[in-house]
Amino acid sequence: MKNIFGRSSFPVPLLLYLEWVLLAIALLTAFSPLPYTQSPGGEGYRVHRQIHRPDRPETVTDRPERSPYPDRPQNRHRRHYRSRRFPLGILVSIGSLGVMGLRLPERSGRPAIRWVYIACGFTFSWLAVVFGGRGVSFFSALLLVVVIRACLLFSWRDRIAVAIFAYGLFLLWVFLRLRPLADNWADPIQGLVLTLTFNSSVLFGLVLLFILLLVGALLSEQESRQKLAEANQKLREYAMLIEDRAINQERNRIAREIHDSVGHNLTAQSIQLENVALFLAEDKQRAARHLQQARELGKEALKEVRASVRAWRSHPLQESFGQALSQLISEFEATTSVPVASHLQIGDTLPLDISIVLYRVIQEAFTNISKHAKAKKVQLIISENNREFYLKIEDDGCGFNPGQNTTGFGLQGMGERVMAVGGNFSLNSSPGEGCKIEVKIGKNQDDDSSSIG
């Protein structure tokens, strides 16, 4: 709820409405007609009660009559004078208490300011009682307003202290009201008044306890909702961050797919075209074969592009892993004339995600060997044990310095693919000593994902 200064004083609107209701009750009670009577001469009336005497018949009448002993001082509890009242003072006191509620001190501010604020609330409440005279009955409503505000400003310990002080003020006010009746407690009517006063004191204490618990529960709920809103805001921020990260990962995945599939075919096509240029003058028939293979590779690259555009999530293994790997080795040997010594020791089933990773790593390694290695032979080993899958690709080519190779997207893509499935990727190479790639991917015994043989 926003106040006139644009700042939030009451975190729970229900408390503000409750305060308004209590202030309205106090105003209506303060300016309602008092049920006291007064004689024209200024003396009060005495309710006649005939005391039983043996020599008189017992009569009871509720007709007020004048005291038969006007010259004797009467008991104070039998005289009901209208106390002096100052309506303007009552209105100013209650109005000042209400205006104070338009802006509460900051709970995170200095404690002295909050205590002065509550002390001013008690002061205005007591001034309203003083200006209202002995017959006022709105003091409890004003005390409840001050206690509600204290609950908004203090912790539980200070709230209880303010509530105890408010209850002490209430008991003091009750004592001052009952003091004129102290000389005749034997009167049954005064005993009834005392009983009702005691009950009202207990009831006010229970109301204070209820207000403390109610406001505490409402503030706790408000705090929980605020924390939930903050958590939701952080969750939305995290969701946006994860979405951006997922977009980047998908972009990288698409780039790897294009590089691994289309790039491989285009590289092989480029080699075939170079062979065509090499044998065109000497052996036209052989040049024609290389040209035909280049055409086929171009068609395959175009097919890969269309397939990637049509479904980026489709995996390259439309058949078994062994068959796809054999076809990849045959294409590499036919294109580069470099023999591949392969040793495959894997089971009948291989998880789909791992098979795609291994296939792409081998495909990228073959592409790099055909483009840069100038190798004479290549060794390929795939095995598995109870804990992990193992892949090694080694060539005897010219090698390179991995620390100086900062532009090779293919090597980076291989490492990203392996790490995406929780594996380890290592590359060892040096100039003149070939290159060795090793991949280790741990097995997940609880993985029930689809597999490919």
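Here, the structure is the one placed above.
Residues numbered from 1 in each chain as written. Predicted model: local features only at pLDDT ≥ 70, side-chain atom pairs only at ≥ 80, totals over all residues. Heavy atoms only, no water.

Here the focus is the state of the cysteines. Tallied over the entire structure, the rule returns 0 disulfides. No disulfide involves C398; its sulfur sits 9.7 Å from that of C435, the nearest cysteine. (Disulfide = S-S within 2.5 Å.)

Going through the model one piece at a time under the given rule, you end up with 10 aromatic pairs. Ring plane angle 75° and centroid distance 6.2 Å describe the contact between F86 and F131, whose orientation is recorded as edge-to-face. Residue F86 is located in the loop between α1 (13–30) and α2 (87–100), and its partner F131 is located in helix α3 (residues 111–132); the two are separated by 45 residues in the primary sequence. F131 sits in the partly exposed class, given a relative accessible area of 27%. Considering the side-chain rings of W126 and F139, the 5.5 Å spacing of their centres and the 75° angle between planes classify their relative orientation as edge-to-face. Of this pair, W126 sits in helix α3 while F139 sits in helix α4 (residues 139–153); the two residues are 13 residues apart in sequence, bridging distant segments of the chain. Judged by its relative accessible area of 25%, W126 falls in the partly exposed class. We classify F139 as buried; its relative accessible area is 0%. Ring-pair connections join several aromatic residues into one group, and the members of that group are W126, F139, Y167, F170, W173 and F204. (Phe/Tyr/Trp six-rings, centres within 6.5 Å; stacked < 30°, edge-to-face > 60°. Helix = DSSP H or I, 4+ residues; strand = E, 2+ residues; numbered from the N terminus. Buried < 20%, exposed > 50% of the residue type's maximum accessible area, 1.4 Å probe, protein only.)

We now examine helix α9 (residues 352–373). When the terminal C-alpha atoms of α9 are compared, their 30 Å separation across 22 residues agrees well with the 32 Å that a helix rising 1.5 Å per residue should span. After α9 finishes, the residue K374 shows a positive phi value of roughly 55°. (Expected span 1.5 Å × (residues − 1).)

Attention shifts here to the pattern of salt bridges. Enumeration according to the criterion identifies 6 salt bridges in this entry. Notably, a salt bridge pairs E223 with K227, separated by 3.5 Å at the nearest N-O pair. Of this pair, E223 and K227 both sit in helix α6 (residues 188–279), 4 residues apart, which is roughly one turn of that helix. For the salt bridge of E384 with K443, the shortest nitrogen-to-oxygen distance reads 2.7 Å. In this pair, E384 sits in strand β3 (residues 378–384) while K443 sits in the loop between β6 (435–442) and β7 (451–452), placing the two residues 59 residues apart along the sequence. Accessibility expressed as a relative area gives 27% for E384, which makes it partly exposed. On the accessibility criterion, K443 (29% relative accessible area) is partly exposed. (Salt bridge = Lys/Arg side-chain N within 4 Å of Asp/Glu carboxyl O.)

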